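# Structural description and commentary
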Amino acid sequence: MKEFWNERYAAKEYIYGKEPNGFFKEMIDDLPPGKILLPAEGEGRNAIYAAKKGWSVSAFDQSSEGRQKALRLAEENNVSIEYTIDSFEYFTANEGSYDVIALIYSHVVPTIRNVFHKSLKRYLKKNGIILLEAFNKKQINNNSGGPKNIDMLFSVEMLKADFYGLKIELLEEYEKEVNESEAHFGKAEIIRLIAKKQ
């Protein structure tokens, strides 16, 4: 997968654009700045937006090409972010490190996802929040983005199990038109989660 993403991000243009994901932007705009973690951050569009809003940003991705483009975008916007090369399997952080952890279209195989999602609860501060937007399992019938392996798509039951112990403030599936780039364009089946550590 590292090779796939390095090849995709090697393109001059920003594959998913330079603007933040709409759900991410809406949530970040309403929260007081703190420390945020962005796993699988790719080319940095969400990290840079958060940094511009005053957040202390940590991000990681397995793609060195994605990291380079994210750091260029940070420089263009006169902000700094911490961005490391890492993977879901090996990433670690100190307990209680983050106010927000945002998973924006972070799709991985179930064995890795389950363990990683459970670990995120430890990394949250008290009252910290998990934000997630991704494709749900019905997206397998669409050509508007996302993996073609249904096991890498999400369901309500899956996220309830992964984030058991957190207070679920929002968990919904719905259909919407996405228009973030050629890679995310058209009718899509989305799932969103907001979960809080008490």
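The written sequence of each chain sets the order in which its residues are numbered from 1. Where totals are concerned, whole chains, interfaces and linings use all residues; where local detail is concerned, this predicted model gives features only for residues with pLDDT of at least 70, and gives and counts side-chain atom pairs only at 80 or more. Heavy atoms throughout the structure, all of them, feed into the side-chain values; hydrogens and water do not.

### Some remarks on helix 1 (residues 2-9)
An α-helical turn contains 3.6 residues, so a residue and the one three or four places further along point in the same direction. Heads up, the condition is: For each residue, the accessible area found with a 1.4 Å probe, counting protein chains only, is set against the maximum for its type, and the residue is called buried under 20%, exposed over 50%, and partly exposed in between. Runs of E in the DSSP output that reach at least two residues are strands. Runs of H or I that reach at least four are helices, and both are numbered from the N terminus. Each direction from the helix axis to a C-beta atom contributes to the arc, which is the arc of those directions. The contact criterion used is simple: two residues touch if any of their non-hydrogen atoms lie within 4.5 Å.
Turning to helix 1, its buried residues number three or more, namely Trp5, Asn6 and Tyr9. Looking straight down helix 1, one finds that the buried residues subtend no more than 100 degrees of arc, so they occupy a single side. Residues of helix 1 that are exposed and point more than 90 degrees away from the buried face comprise Glu3 and Glu7. Here the buried face of helix 1 lies against strand 2 (56-61) and helix 4 (64-76).

### Details of the packing of aromatic side chains
Formally: Classification of ring pairs rests on two measures: the distance between centres of Phe, Tyr or Trp rings, Trp counted by its six-membered ring, which must be within 6.5 Å, and the angle between planes, read as stacked under 30 degrees, edge-to-face over 60 and tilted in between. Here, over-ring charges are defined by two tests on the NZ atom of lysine or the CZ atom of arginine: distance to the ring centre within 6 Å, and angle to the ring normal within 35 degrees.
Throughout the structure, instances matching the rule amount to 6 aromatic pairs. Consider the rings of Phe60 and Phe88, whose centres lie 6.0 Å apart with planes at 75 degrees: the pair is edge-to-face. Taken together, the residues Phe60 in strand 2 and Phe88 in the loop between strand 3 (82-85) and strand 4 (98-104) connect sequence positions 28 residues apart. Taken individually, Phe60 and Phe88 each receive the classification buried, so the pair is uniform in this respect. Note on Phe60 and Phe91: the rings are 4.5 Å apart at their centroids and 15 degrees apart in plane angle, and the pair reads as stacked. Here Phe60, found in strand 2, pairs with Phe91, found in the loop between strand 3 and strand 4; they are 31 residues apart in sequence, far enough to count as distant. According to the relative accessible area criterion, Phe91 is buried, its value standing at 10%. Taken together, Phe60, Phe88, Phe91, Phe116 and Tyr123 form an aromatic cluster joined through their ring pairs. If you follow Lys69 out to its NZ or CZ, it ends over the ring of Tyr14, 4.9 Å from the centre.

### A look at the environment of Phe23
Topologically, Phe23 is positioned in helix 2 (residues 22-29). Given a relative accessible area of 3%, Phe23 falls into the buried group. Measuring from C-alpha to C-alpha, the distance between Phe23 and Leu132 comes to 8.8 Å, with 109 residues separating the pair along the chain. When neighbours within four sequence positions are excluded, Phe23 is seen to be in contact with Leu131, Leu132, Glu133, Leu170, Arg192, Leu193 and Ile194.

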